[in-house]
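Topology and contacts: notes
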Amino acid sequence: MKKLVKSIFAVAVAMTLASCAGLGTVAGTGALYTDLAQGEMVTANTLGSKVGTSEAVSYLGLIATGDASIQTAARSAGIKKISHVDSKKSSILGIINTHTTVVYGE
């Protein structure tokens, strides 16, 4: 049983490090820790006073849950006109990966 658990863990780690199960960022991904923010989209609308967020999380690249869509982030703050969108990505040892979408507008 110990051998099976070790094998499953080794495969999960290998999948996380060698596939797109982790986070793609403009600066790359740190093997131990990642905490980055980046711009995603800009519109011609003026900068608004409202900020909405949405989030999705992945565990070991095996389980992923959440809704990090722009629509959900805008809806969370009642935004009708989006001015720009940022994203925040964090990862701890490739075990817990978080993607947060941040929408600004009116």
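Structure: see above.
Structural notes, computed from the coordinates.

Quick look at the overall build of the chain
In terms of helices and strands, the chain carries two helices and five strands. Start at the N end of the chain and walk to the C end: the helices and strands fall as α-β-β-β-α-β-β. The proportion of buried residues among the 106 residues of the chain is 27%. Contacts spanning at least 24 positions in sequence make up 66% of the contacts within the chain whose residues lie at least 6 apart.

Some details on the pairing of strand 3 (residues 63-67)
Summarising burial for strand 3: zero of the five residues are buried, a small minority. Examined bridge by bridge, strand 2 (residues 50-59) and strand 3 share five bridges and lie antiparallel to one another. Pairing of Ala-56 across the sheet is with Gly-66, part of strand 3. Taking the residues between adjacent antiparallel strands as the criterion, strand 2 and strand 3 are bridged by three residues, where Leu-60 takes a positive phi near 60°.

Thoughts on a nonpolar patch on the surface
Taken together, the side chains of Leu-32, Tyr-33, Tyr-59, Leu-62, Ile-63, Ile-92, Leu-93, Ile-95 and Ile-96 present a nonpolar region at the surface, about 890 Å² in accessible area. Counting through the fold element by element, Tyr-33 comes out in strand 1 (residues 33-42). Given the relative accessible area of 53%, Tyr-33 is considered exposed.

Considerations on the nonpolar core
Most often, soluble globular proteins have nonpolar side chains that are buried together. Membership of the largest hydrophobic core is limited to six residues, which are Ala-73, Ala-74, Ile-79, Ile-82, Val-85 and Val-103. When residues no more than four places from it in sequence are discounted, the contact partners of Ala-74 are Ile-79, Ile-82 and Val-103.

Quick word on the sheet that holds strand 4 (residues 82-92)
Taken together, the five strands give an open sheet; going across it, the order is 1-4-5-2-3, and neighbouring strands pair in antiparallel fashion. One side of each edge strand has no neighbouring strand; the edge strands of this open sheet are strand 1 and strand 3. If you compare each strand with its neighbour and ignore which way they point, the axes differ by 15° on average.

So, the side chain of Thr-34
Positionally, Thr-34 belongs in strand 1. By relative accessible area, which is 2% here, Thr-34 ends up buried. In this structure, Thr-34 is in contact with Thr-29, Lys-89, Ser-90 and Ser-91, ignoring residues within four places of it in sequence.

Conventions used here
- Residues numbered from 1 in each chain as written.
- Predicted model: local features only at pLDDT ≥ 70, side-chain atom pairs only at ≥ 80, totals over all residues.
- Heavy atoms only, no water.
- Helix = DSSP H or I, 4+ residues; strand = E, 2+ residues; numbered from the N terminus.
- Buried < 20%, exposed > 50% of the residue type's maximum accessible area, 1.4 Å probe, protein only.
- Contact = heavy atoms within 4.5 Å.
- Pairing = 2+ DSSP bridges.
- Patch = residues over 30% accessible without salt bridge, like charges linked within 9 Å, V, L, I, M, F, W, Y side chains within 5 Å.
- Areas by Shrake-Rupley, 256 points an atom, 1.4 Å probe, with all protein chains shown as cover.
- Salt bridge = Lys/Arg side-chain N within 4 Å of Asp/Glu carboxyl O.
- Core = buried A, V, L, I, M, F, W, Y, C linked by side-chain atoms within 4.5 Å.
- Axes fitted to C-alpha atoms, helices over the stretch in contact; angles between N-to-C directions.

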